[in-house]
Every structure is written in structure tokens, then in C-alpha cells.
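Structural features, examined
Here are the chains, one letter per residue:
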Amino acid sequence: MNDPLYLAAALAGRFEGLRLQPYICPAGYWTIGYGNRALADGTAVGPHTKAITETDANEMLMATMASLQEKLRNMIIVPLSAGKEAALLDFQFNLGTEALRGSTLRKLLNAGLYVQAGAQLKLWNHIHKDGRLIVSPGLTARRRAEWLLWSGASASDVMSEALPLNPGRLGRVKETS
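An account of the accompanying structure is given in this report. (Residues numbered from 1 in each chain as written. Predicted model: local features only at pLDDT ≥ 70, side-chain atom pairs only at ≥ 80, totals over all residues. Heavy atoms only, no water.)

**Here's the deal with the packing of aromatic side chains**
- Enumeration over the complete set of coordinates arrives at one aromatic pair.
- Here Phe 91 and Trp 124 contribute two aromatic rings whose centre-to-centre distance is 5.3 Å and whose plane-to-plane angle is 80°, an arrangement assigned as edge-to-face. Here Phe 91, found in helix 3 (residues 82–95), pairs with Trp 124, found in the loop between helix 6 (114–121) and strand 3 (126–129); they are 33 residues apart in sequence, far enough to count as distant.
- Overall, Phe 91 belongs to the buried group, its relative accessible area being 0%.
- If you follow Arg 19 out to its NZ or CZ, it ends over the ring of Tyr 23, 4.4 Å from the centre.
- In this structure, Arg 37 is placed above the aromatic ring of Tyr 29, and the distance from its NZ or CZ to the ring centre is 3.6 Å. (Phe/Tyr/Trp six-rings, centres within 6.5 Å; stacked < 30°, edge-to-face > 60°. Helix = DSSP H or I, 4+ residues; strand = E, 2+ residues; numbered from the N terminus. Buried < 20%, exposed > 50% of the residue type's maximum accessible area, 1.4 Å probe, protein only. Lys NZ or Arg CZ within 6 Å of the ring centre and 35° of its normal.)

See below:
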């Protein structure tokens, strides 16, 4: 597997998990599938959104990744390996296009400073809790997986490293309470 879209989707799926019913993600947004905030038709996910199928979730994830890839390619002016592009796509899926656009990571990358840009990935591992920024073990693991892809590790090595967070296959459905 050397296609950045599939690499990024596999990584996102591994860390996001799959929920077929709408739920509120840790950032406080209504989401469904692998963390999508909108359905395939663009409708925002909300508490009354109907359940989707695993096929729907996979299609939405790939469509989202394709849309993000177009935006990514418009803001990055240096060549990217498949691993680097996949790492950035997962980062962008998780944090948003605007976070990437305004980041030091993007500025360093566009200056051709690949090593320094890759090091920036690991800095984005905090969440807001009770008015404070705290390190998130989940984001730390995700940023490490992105960094491994960035650094040229094989997809199988990255996925096996990410396994402790969400064992099982990409399409495994999380139980909802």
C-alpha cells in the first residue's frame, strides 16, 4: 500500500475508530463514521442523524481524504513522498486544514526543511481540559504514527505500532453506550 489516500485513511481509521451512530467527539463536535462531521451530502451530523453503514463510513472517509488532498496539494509547494503526504493528510483530517495552513510545520516544509517540519508533528499532542493544555496519550501515539510514516517507515510497521490503541481491523465498530 503506497497510495497516500489509503495510507492516511487507514491511519485515521485506526485512531478514530468507527461509530455508525452519531456521537460527540472529544473536541465536542457531533461526528459519525470515522470522525466525519458531515454526511456525504454535506449535511452536518447532529443528534438526530440516522445511523450509517460501514460502507457509508468508508466512502465518506475516502471522499474526505480526497478533498483534503486537493487542499493539501494547493498549500504545499515541495515534493512529498507517499508517507509524508499520508502523514500530513491524517494530521489535516484530525486537526483541520486551517491548523495545517497556519502551522510552523507547513512553513518549514515549504522552505524545504523536511526534518524540522517532521519534528513539528510531535508537538501537536495536546488537548484543552478544564482550561488547561494537557498532553493526550492518544494524540501522542497518533503523532508518533504520523512521524513514522513521515520518516519512511512501512505502512505495516506504522499500523503494528498503532495497534495497542485500537486492536482489530480498520472497520471494527466501537461499542456505544
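So, next bit.
**A word on helix 7 (residues 137–150)**
- Spanning 14 residues, helix 7 covers 20 Å between terminal C-alpha atoms, matching the ideal 20 Å at 1.5 Å per step.
- Buried within helix 7 are the following residues: Leu 139, Arg 142, Arg 143, Ala 145, Glu 146, Leu 148, Leu 149 and Trp 150.
- Taken from the residues just after helix 7, Gly 152 is the one with a positive phi, measuring 100°. (Expected span 1.5 Å × (residues − 1).)

Interpretation in functional terms is not warranted from these geometric data alone.
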